[in-house]
Amino acid sequence: MNKRITKRFLAITIVIIMTVLLGEFQNNSAYVNINNVQAAETIRYKMKKTNEIAKNKKGRTIAEVQCEYPILKGKKRGIKLINKAIYEDVKMFNKRKKDVIDSAKINEQNIIEGEVWYKRNICKVTYNKNNIISIRILNSWYAGGTVEDDYSGYNFYISSGKNVKLKDLLHKSNKKIKNQVWSKLVKDWANGDEKCFIKDQFDNIDVNEYKFYIKEKRVFICFDKYEIGYGSTGAPVVTFEFE
């Protein structure tokens, strides 16, 4: 009897181990077809907004710092990891907001009537299904002169809290992605003029460091102004479709 129980226990243990190993293999697969993912389709969230203003002695608003970001609802480990990652960036943003307020106060005489200096970090959920949540981030600031806008994004697997990689979405090697991004930048953003970009700066950026977000069935890869080109180049964005 004891031998029979022992054999049954060993058999159950082996099945459990194989199941875990198979799951790990699937989670770490080189490429992921997100349409085949069976985990949670979407995740609920709420938007958190903070807004701080500075006024001069006359009561006129001269500066504003705004931050808006999502808080995912749920107690699973993946959700907690995502919320933590987002909030760490929010804390860094809040540490720098004093610089904007102080600068406006020091340069108050240079702020014309009706003008407000600002810094904004505005998030918007652009993709929320197939076990992936993607959040577009608009970083915008103005301190006289021209408005500076650039985009980036958060991209997470909801179940694990891990970052989504471009190669998982595009089913291509990083080398091929880099070559195609360069081609699209030159063709689509610069109308064929390579001189709009600084190739060495582009080459020095690892594909895993590319900023991007997902919307519908497209990936938007974003670069900051001056990151790979000149001021006149702007903040380039190129798009790819994925399965």
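Refer to the structure printed above.
Residues numbered from 1 in each chain as written. Predicted model: local features only at pLDDT ≥ 70, side-chain atom pairs only at ≥ 80, totals over all residues. Heavy atoms only, no water.

Q: For the overall build of the protein, give the residues involved together with the corresponding values.
A: Helix and strand counts for the protein come out as five helices and eight strands. Along the chain direction, N to C, the helices and strands of the protein fall in the order α-β-β-α-β-β-β-α-α-α-β-β-β. Expressed as a percentage of the 243 residues in the protein, the buried residues total 36%. Expressed as a percentage of contacts within the protein between residues at least 6 apart in sequence, the contacts between residues at least 24 apart total 57%. (Helix = DSSP H or I, 4+ residues; strand = E, 2+ residues; numbered from the N terminus. Buried < 20%, exposed > 50% of the residue type's maximum accessible area, 1.4 Å probe, protein only. Contact = heavy atoms within 4.5 Å.)

Q: Which residues make up a positive patch on the surface, and what are the values?
A: A contiguous patch of positive charge, built from R44, K46, K48 and K73, is present on the exposed surface. Considering the arrangement of structural elements, one finds K73 in the loop between β2 (61-72) and α2 (77-106). (Patch = residues over 30% accessible without salt bridge, like charges linked within 9 Å, V, L, I, M, F, W, Y side chains within 5 Å. Areas by Shrake-Rupley, 256 points an atom, 1.4 Å probe, with all protein chains shown as cover. Salt bridge = Lys/Arg side-chain N within 4 Å of Asp/Glu carboxyl O. Lys, Arg positive; Asp, Glu negative; His and termini not counted. Charge placed at Lys NZ, Arg CZ, Asp CG, Glu CD.)

Q: Describe the pairing of strand β1 (residues 45-55), listing the residues and the values that go with them.
A: Relative to β2, β1 runs antiparallel, the two being bridged by eleven bridges. Paired with T50 across the two strands is C67, which belongs to β2. The hairpin turn running from β1 into β2, its antiparallel successor, is five residues long, and G59 in that turn takes a positive phi close to 85°. (Pairing = 2+ DSSP bridges.)

Q: Tell me what's going on with the nonpolar core, and back it up with residues and numbers.
A: The biggest cluster of nonpolar side chains holds 28 residues, and the ones touching the most others in it are I86, I133, I135 and Y154. Those elements giving two or more residues to this core turn out to be β2, α2, β3 (117-129), β4 (132-142) and β5 (148-157). It is α2 that provides the largest number of residues to this core, a total of eight residues. When neighbours within four sequence positions are excluded, I86 is seen to be in contact with Y69, P70, I135, Y154 and F156. If you look at the next biggest cluster of nonpolar residues, it comprises 27 residues, including V181, I221, I228 and V238. (Core = buried A, V, L, I, M, F, W, Y, C linked by side-chain atoms within 4.5 Å.)

Q: Requested: an account of helix α4 (residues 174-189), with residues and values cited.
A: Look at α4: 21 Å from first C-alpha to last across 16 residues, which is about the 22 Å you get at 1.5 Å a residue. Residues I177, K178, V181, W182, L185 and V186 constitute the buried set of α4. Taken end-on, α4 shows its buried residues confined to a sector of 160°, consistent with a single buried face. Summarising the contacts, the buried residues of α4 are in contact with α3 (166-170), α5 (199-203), β7 (218-222) and β8 (237-241). N191 sits one or two residues past α4 and shows a positive phi near 55°. (Expected span 1.5 Å × (residues − 1). Arc of directions from axis to C-beta.)

Q: Which residues make up the pairing of strand β6 (residues 211-215), and what are the values?
A: Direction of pairing for β6 relative to β7: antiparallel, over a ladder of five bridges. Pairing of I214 across the sheet is with V219, part of β7. Taking the residues between adjacent antiparallel strands as the criterion, β6 and β7 are bridged by two residues, where E216 takes a positive phi near 55°.

Q: Got a sec to walk through the packing of aromatic side chains? Specific residues and values, please.
A: In this description, an aromatic ring pair is defined by two values, namely the gap between the centres and the angle between the planes. This structure, assessed with the given rule, holds nine aromatic pairs. The interplanar angle of 65° and the centroid separation of 6.3 Å between the aromatic rings of Y127 and F242 together place this pair among those described as edge-to-face. Taken as a pair, Y127 in strand β3 and F242 in the segment after β8 lie far apart in primary sequence, 115 residues in all. Grouped by ring-pair contacts, the aromatic residues W182, F197, F202, Y210 and F223 constitute a single cluster. Sitting over the face of the ring of Y118, R120 holds its NZ or CZ atom 3.8 Å from the ring centroid. A cation over an aromatic ring shows up here: K178 above the ring of F202, its NZ or CZ 4.9 Å from the ring centre. (Phe/Tyr/Trp six-rings, centres within 6.5 Å; stacked < 30°, edge-to-face > 60°. Lys NZ or Arg CZ within 6 Å of the ring centre and 35° of its normal.)

Q: How would you explain α2 if you had to name every residue and give the values?
A: For α2, with 30 residues, the first-to-last C-alpha span of 45 Å sits near the 44 Å given by 1.5 Å per residue. Taking the largest bend as the criterion, α2 deviates by roughly 25°, centred on R96. Elements that come into contact with the buried residues of α2 comprise β1, β2, β3, β4 and β5. (Bend = angle between axes of the 7 residues up to and from the residue.)

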